[in-house]
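# Structural overview
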Amino acid sequence: MRIISWNIYNKNTKIFESMKFILGFKPDVICIQEFPNKNLNLFEKFNEYNFISAKDCRPVDPLKPRPMSHLAIGIKKNIKHTMEIFKFEGKKKSFVGRLLGVKEGLQYMKINIGKYHLFNAHFSLAVPPSQRIKELKQVINKFENKKNIVCGDFNNFTNKKINFFIGWAFGFKKRDYFMNEKDMFQEMYEKHNLINVFTKKTTHKHSRLQLDHILLPECANIKNQELIKYKYSDHKPIMVDIE
């Protein structure tokens, strides 16, 4: 099974070309984050796939329009599956959030394919690390067995070196300043028998960090993994082949 995860970028001006490019890799399942609301009708043009979307982010103030975006999962039409959509919980107020003018991390998706349960999530950016950890826990709480796959943009960028400089803007509480976010995420991966396939790889060109993830169960047989270069998004598509 070939899986691709990609934050396609909600200001991408070449959405149709981007979709043609990424579907040219012929994934069995593709998980997309930040798909622009205005382009949802494009999914109909790719008739080899069934696409289902969920809410990713929306404007806080309807009188001050901001780009609205969606999560989406596309799956080849010959693959049997069932789909569920869940709502993220938690308080998400910060100076950066007000500045961006959007409410993030609205929903996440789960698709059941044979023996695997696959999730697509986009964790909130303008929040303290403790909120992103809560969002990961919410996804993990939907696990049904040990064969779970989690895809998405986790936005887990904070660390002790920068926390004291940015904390005020991201709504940190006292405990957040002392968190090493990536280490805490890694502990949760290990606790739930998950492998971070692209660990320490740069998937986001501006931060030069790994923000994008495909987490696989330890039992998965990985045949291939690839970081894909593409110029119209600030995130690189990531791809794995498993048996």
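Now for a look at the structure at hand. (Residues numbered from 1 in each chain as written. Predicted model: local features only at pLDDT ≥ 70, side-chain atom pairs only at ≥ 80, totals over all residues. Heavy atoms only, no water.)

### A closer look at the overall build of the protein chain
Within the protein chain, the regular secondary structure consists of 5 helices and 13 strands. Over its C-alpha atoms, taken along the principal directions, the protein chain stretches across nearly 50 × 45 × 30 Å. Across the 243 residues that make up the protein chain, the buried fraction comes to 53%. Put simply, of all contacts in the protein chain between residues at least 6 apart along the chain, 70% involve residues at least 24 apart. Just so you have it, the protein chain exposes about 12200 Å², and 52% of that area is on carbon and sulfur atoms. Treating the 43 positive side-chain charges of the protein chain as one cloud and the 24 negative ones as another, the clouds have centres 3 Å apart. (Helix = DSSP H or I, 4+ residues; strand = E, 2+ residues; numbered from the N terminus. Buried < 20%, exposed > 50% of the residue type's maximum accessible area, 1.4 Å probe, protein only. Contact = heavy atoms within 4.5 Å. Areas by Shrake-Rupley, 256 points an atom, 1.4 Å probe, with all protein chains shown as cover. Lys, Arg positive; Asp, Glu negative; His and termini not counted. Charge placed at Lys NZ, Arg CZ, Asp CG, Glu CD.)

### Structural notes on the environment of C219
Tracing the chain through its elements places C219 in the loop between strand 11 (212–217) and strand 12 (222–227). Taking the C-alpha atoms as reference points, C219 and K147, separated by 72 residues in sequence, lie 7.6 Å from one another.

### Looking at the side chain of H117
Locating H117 in the fold gives a position in strand 8 (residues 116–122). Taking relative accessible area as the criterion, H117 reaches 8% and is therefore assigned buried. A polar contact of 2.6 Å, which involves the side chain of H117, links it to the side chain of N112. Aside from chain neighbours lying at most four places away, what touches H117 is K110, I111, N112, E144, N145, K147, N148 and I149. (Polar contact = N/O pair within 3.5 Å; in protein donor to acceptor, adjacent residues only side chain to side chain.)

### Observations concerning helix 1 (residues 15–23)
For helix 1, the full list of buried residues reads I15, S18, M19, I22 and L23. Seen from one end, helix 1 has its buried residues packed into an arc of 120°, which puts them on one side. Where helix 1 is buried, its residues contact strand 1 (2–7), strand 2 (29–36) and strand 3 (49–59). (Arc of directions from axis to C-beta.)

### Digging into a negative patch on the surface
Together, D183, E187, E190 and E218 make up a negatively charged patch on the protein surface. Checked against the element boundaries, E190 lands in helix 5 (residues 181–191). Taking relative accessible area as the criterion, E190 reaches 51% and is therefore assigned exposed. (Patch = residues over 30% accessible without salt bridge, like charges linked within 9 Å, V, L, I, M, F, W, Y side chains within 5 Å. Salt bridge = Lys/Arg side-chain N within 4 Å of Asp/Glu carboxyl O.)

### Overview of the side chain of E135
Take E135: it is sitting in helix 3 (residues 129–140). Once residues within four sequence positions are removed from consideration, E135 is found in contact with F88, K92, F123 and S124.

### Quick notes on the sheet that holds strand 11
Two orientations exist for strands paired in a sheet by backbone hydrogen bonds: parallel and antiparallel. Sheet architecture is open: 6 strands sit in the order 5-7-8-9-11-10, paired in mixed fashion. Pairing within the sheet leaves two strands with one partner each, and these edge strands are strand 5 (82–87) and strand 10 (194–196). Averaged over neighbouring strand pairs, the angle between their axes works out to 20° when direction is ignored. As defined by bridge partners, strand 9 (residues 148–153) adjoins strand 11 across 4 bridges and the pair is classed as antiparallel. (Pairing = 2+ DSSP bridges. Axes fitted to C-alpha atoms, helices over the stretch in contact; angles between N-to-C directions.)

### Looking at helix 5
If you check which residues of helix 5 are buried, you get E181, F185, M188 and Y189. Taken around the axis of helix 5, the buried residues stretch over an arc of 105°, which confines them to a single face. The exposed residues of helix 5 that point more than 90 degrees off its buried face are E187, E190 and K191. Turning to helix 5, the residues buried within the fold contact helix 3, strand 10 and strand 11. Following helix 5 by one or two positions, N193 adopts a phi angle in the positive range, close to 60°.

### Thoughts on the sheet that holds strand 3
Here 7 strands make up an open sheet; going across it, the order is 6-3-4-2-1-13-12 and the pairing mixed. Each edge of the open sheet is held by one strand with a lone partner, namely strand 6 (102–103) and strand 12. Relative to strand 13 (residues 238–242), strand 1 runs antiparallel, the two being bridged by 4 bridges. If you follow I3 over to strand 13, its bridge partner there is V240.

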